[in-house]
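# Summary of the model geometry
The residues making up each chain are set out below.
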Amino acid sequence: MFLNSYKITRILPCLADPEKIRVIAEISDEIHEVFPYLNAILKGCIFNHPALTLTIKKDGKLFTLHAHHITLAKIEDEKEAEEILRWLKGLINETYEKREQIEPNYSMAAELKALDIYRLLPGTSCKKCGELTCLAFAVKLVGRDIEIAKCDPLFSEKYQEKRKVLLELLHAAGYDVPNSEGK
Ligand code: SF4
């Protein structure tokens, strides 16, 4: 087996969300060899070559794989951390086993900035999406906490050009995007 075991060694307050926890787990084996393969099969990873890390975004949570340990952010409790670690271990081992059938991806996904998104939103802060401002919406969108389709005005004819650019930008960065009608 490529990754044999893991052990939670530290539980800290989450930097991104004070109501959640950050969990660090030491792992039994060096895993960085699998990063380009995981980067190829998962959408929206951030692969940092110099630091030898791969960050996976899933359901609004962040999992960062290092060569010798794993960090989980925005976690509810230890039970959830155990479930995620079990899932990651399975994913890592399965991907490593199938690596010869996967074209490795060494590119670092362009990290989207909230301000880049904000500039392409209508900018009216109309609150129809449930957020107080377009900037707040952009911040949530970057963190995958809200979907672009929630910005109803963006899908009107008036914002056709902005919408086209924004959807392309999101798609290129590995986000799921609706079609131009918002479906
Ligand atoms: S619905 Fe769109 S335009 Fe209105 S506040 Fe939200 S992001 Fe801004």
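Residues numbered from 1 in each chain as written. Predicted model: local features only at pLDDT ≥ 70, side-chain atom pairs only at ≥ 80, totals over all residues. Heavy atoms only, no water.

## Digging into the pairing of strand S2 (residues 21-27)
Of all seven residues making up S2, five are buried, and the element is well covered by its neighbours. Note that S2 and strand S6 (residues 69-75) share five bridges and pair antiparallel. Residue glutamate 26 lies in a different strand from S6, and its bridge partner there is histidine 69. (Buried < 20%, exposed > 50% of the residue type's maximum accessible area, 1.4 Å probe, protein only. Helix = DSSP H or I, 4+ residues; strand = E, 2+ residues; numbered from the N terminus. Pairing = 2+ DSSP bridges.)

## Here's the deal with the site of the ligand
In the vicinity of the ligand, the contacting residues are Pro122, Thr124, Ser125, Cys126, Lys127, Lys128, Cys129, Cys134, Phe137, Cys151 and Pro153. Taken together, the residues of the shell around the ligand sort by class into seven nonpolar, two polar and two charged. (Near = heavy atom within 4 Å. Nonpolar A, V, L, I, M, F, W, Y, C, P; charged D, E, K, R; others polar.)

## Some words on the pattern of salt bridges
Under the definition given, this model contains eight salt bridges. In this structure, glutamate 80 engages lysine 61 in a salt bridge whose closest nitrogen and oxygen atoms are separated by 3.3 Å. Taken as a pair, glutamate 80 in helix H2 (residues 78-97) and lysine 61 in strand S5 (residues 61-65) lie far apart in primary sequence, 19 residues in all. With its nearest N and O atoms 3.4 Å apart, the salt bridge here joins arginine 119 to aspartate 116. By relative accessible area, which is 52% here, arginine 119 ends up exposed. (Salt bridge = Lys/Arg side-chain N within 4 Å of Asp/Glu carboxyl O.)

## Examining H2
Spanning 20 residues, H2 covers 29 Å between terminal C-alpha atoms, matching the ideal 28 Å at 1.5 Å per step. The set of residues buried in H2 consists of Glu80, Ala81, Ile84, Leu85, Leu88, Leu91, Ile92, Asn93, Thr95 and Tyr96. Looking at the buried positions of H2, the neighbouring elements they touch are strand S1 (6-13), S2, helix H1 (35-41), strand S4 (53-58), S5 and S6. (Expected span 1.5 Å × (residues − 1). Contact = heavy atoms within 4.5 Å.)

## A word on the sheet that holds S6
Overall, antiparallel pairing links the six strands, which are arranged S1-S2-S6-S5-S4-S3 in an open sheet. If you trace the sheet from one side to the other, it starts and ends with S1 and strand S3 (46-48), each paired once. Recorded for the sheet is a direction-independent mean angle of 15° between the axes of neighbouring strands. In the sheet, S1 pairs with S2 via seven bridges, with the strands oriented antiparallel. Considered in S2, the bridge of proline 13 is made with isoleucine 21. (Axes fitted to C-alpha atoms, helices over the stretch in contact; angles between N-to-C directions.)

## Some remarks on the packing of aromatic side chains
Per the counting criterion, the structure on display carries three aromatic pairs. Consider the rings of phenylalanine 35 and phenylalanine 47, whose centres lie 6.4 Å apart with planes at 90°: the pair is edge-to-face. Placement of phenylalanine 35 in helix H1 and of phenylalanine 47 in strand S3 is noted, with a sequence separation of 12 residues between them. The exposure classification of phenylalanine 35 matches that of phenylalanine 47, with both residues buried. Ring centres 6.3 Å apart and planes at 65° place the aromatic pair phenylalanine 63 and tryptophan 87 in the edge-to-face group. Taken together, the positions of phenylalanine 63 in strand S5 and tryptophan 87 in helix H2 put the pair 24 residues apart, joining distant regions of the chain. With relative accessibility at 34%, the residue tryptophan 87 sits in the partly exposed group. Here the guanidinium or amino end of arginine 99 rests over the ring plane of tyrosine 96, the centre of that ring lying 3.8 Å away. (Phe/Tyr/Trp six-rings, centres within 6.5 Å; stacked < 30°, edge-to-face > 60°. Lys NZ or Arg CZ within 6 Å of the ring centre and 35° of its normal.)

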